[in-house]
Amino acid sequence: MLVLVAPGQGAQTPGFLTEWLDLPGVRGALEAWSDAVGLDLIRYGTEADAEEIRDTAVAQPLLVAAGLASARLLFDDPADLPAKVGAIAGHSVGEITAASLAGVLPHEEALRLVRTRGLAMAEAAAVTETGMAALLGGDPAVTVPHLEKLGLTPANINGAGQIVAAGTKEQLAALEADKPEGVRKVVALKVAGAFHTHHMAPAVDTLAKAAEALAPGDPKLTYVSNADGQAVAGGAEVLDRLVGQVANPVRWDLCMETFKELGVTALIELCPGGTLTGLAKRALPGVKTLALKSPADLDTARELIAEHSA
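The sections below set out a description of the structure shown in this document. What you see is a predicted model; the values in this text were computed from it and never measured. (Residues numbered from 1 in each chain as written. Predicted model: local features only at pLDDT ≥ 70, side-chain atom pairs only at ≥ 80, totals over all residues. Heavy atoms only, no water.)

Concerning the sheet that holds strand 1 (residues 2-6)
Thought 1: Pairing is parallel across the open sheet formed by five strands, whose spatial order is 7-2-1-8-9. Every interior strand has two partners, whereas the edge strands, strand 7 (222-223) and strand 9 (288-291), have only one.
Thought 2: Bridge count between strand 1 and strand 8 (residues 266-269): four bridges; the pairing is parallel. Counterpart to Leu2 in the pairing with strand 8 is Ala266.
Thought 3: Its contacts with the sheet put helix 14 (residues 298-308) on strand 1, strand 8 and strand 9, and the angle it makes with strand 9 is roughly 145°. (Pairing = 2+ DSSP bridges. Helix = DSSP H or I, 4+ residues; strand = E, 2+ residues; numbered from the N terminus. Contact = heavy atoms within 4.5 Å. Axes fitted to C-alpha atoms, helices over the stretch in contact; angles between N-to-C directions.)

Section: the pairing of strand 2 (residues 87-90)
Thought 1: With burial as the criterion, each face of strand 2 is covered, one bearing Ala87 and Ala89 and the other bearing Ile88 and Gly90.
Thought 2: Here four bridges tie strand 1 to strand 2, and the two strands are oriented parallel to one another. Looking at strand 2, one finds that Val5 is bridged to Ala89.
Thought 3: In this structure, strand 2 lies alongside strand 7, joined through two bridges in parallel fashion. By the bridge assignment for strand 7, Ile88 is matched with Tyr223. (Buried < 20%, exposed > 50% of the residue type's maximum accessible area, 1.4 Å probe, protein only.)

Describing the sheet that holds strand 4 (residues 153-159)
Strands in a sheet are paired, the pairing made by backbone hydrogen bonds, and the direction either parallel or antiparallel.
Thought 1: One open sheet holds the four strands; their spatial order is 4-5-3-6, and the pairing between them is antiparallel. Each edge of the open sheet carries a strand with a single partner, namely strand 4 and strand 6 (183-188). Across the sheet, the mean angle from the axis of one strand to that of its neighbour is 25°, orientation sign disregarded.
Thought 2: As paired elements, strand 3 (residues 130-137) and strand 5 (residues 162-168) share seven bridges and run antiparallel to each other. Paired with Ala134 across the strands is Val164, a residue of strand 5.
Thought 3: The strands touched by helix 8 (residues 140-149) are strand 3, strand 4, strand 5 and strand 6; relative to strand 5, the strand with the most contacts, the crossing angle is about 5°.

Re unusual backbone geometry
Thought 1: Here the bond from Cys271 into Pro272 is cis, since omega is -5°, no more than 30 degrees from zero.
Thought 2: Along the chain, Pro272 turns up in the loop between strand 8 and helix 13 (275-283).
Thought 3: Located in the positive-phi region is Ser92, a residue other than glycine, with phi close to 55°.
Thought 4: A residue is classified by how much of its surface remains accessible, and Ser92, at 11% relative accessible area, is buried.
Thought 5: Phi at His196 is positive, roughly 60°, even though this residue is not glycine.
Thought 6: Residue position: His196 is located in the loop between strand 6 and helix 10 (201-211).

Topic: the packing of helix 6 (residues 94-101) against helix 7 (residues 107-125)
The description of two packed helices rests on the angle between their axes and on the distance between the axes.
Thought 1: Two numbers describe how helix 6 lies on helix 7: the axes approach to 9 Å, and their chain directions differ by 165°. Relative to helix 7, helix 6 is oriented roughly antiparallel. The crossing of helix 6 and helix 7 is right-handed. Taken together, the residues of helix 7 that come into contact with helix 6 (itself represented by Ile96, Ser100 and Leu101) are His107, Ala110, Leu113, Val114 and Arg117. (Parallel < 35°, antiparallel > 145°, perpendicular 65-115°, else oblique. Left-handed = near helix turned anticlockwise from the far one by under 90°.)

In structure tokens:
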């Protein structure tokens, strides 16, 4: 059984879309989506530097567009996706990519929603200087209370020995000086705020108003929510979760538990892949994984689809 996953913010790197532009339909799709969101996605994906694409208002629509474009190249007909993919999920903003591919929102609506999300989260992040850091190693039973003692939020519980802490710069500095027992390393993330925490509450209100104008469809395949790792069958509930998830922790560990229960045998991570396949290799032993990092990965991905289709 094949699972398709979409990465979240921090996966972007300068020029990561350059090699994809010559593939059929990619440039045209990105041009249309750029018009829809009022953002030059092609320039940001090919010419912008690391600081420009670190901007939340840019990074989020850029990542969703990249995920949608790479998914279109995996299937001869987009209608084949529900028949060939057993389950789909996304990490943080990647949930919007996953929801659109599952048929909950048309691509342009999904991109307009994520543009609103990115702008609202950037505005919320500007109120207080905040950030996020990944903790590698350690026991969650020890790490989570330690973070809470420092006033930090375990914003992403990713499984495979990784938890992401979020909070103010002062709280993150205190963490660097006082790591939880068993944690090998604390790595600052390329994000511009404390996402999935109470700091994002104003963005939830903005996103909720934008969502009122949408008419979501029900997912056409198993959609796994990173709020709690549960499969969600109703489009309205998916949309509600997308809104609320902005200020609540990502439970990717529970998503991977659900993949295991569903009988996953292969996992493909959409462009720009790498982070989620790395977690899967540690948490889902025996499952074949592939990250779409460049067009050179497409043939192998198609072979996996043929071998592990639902």
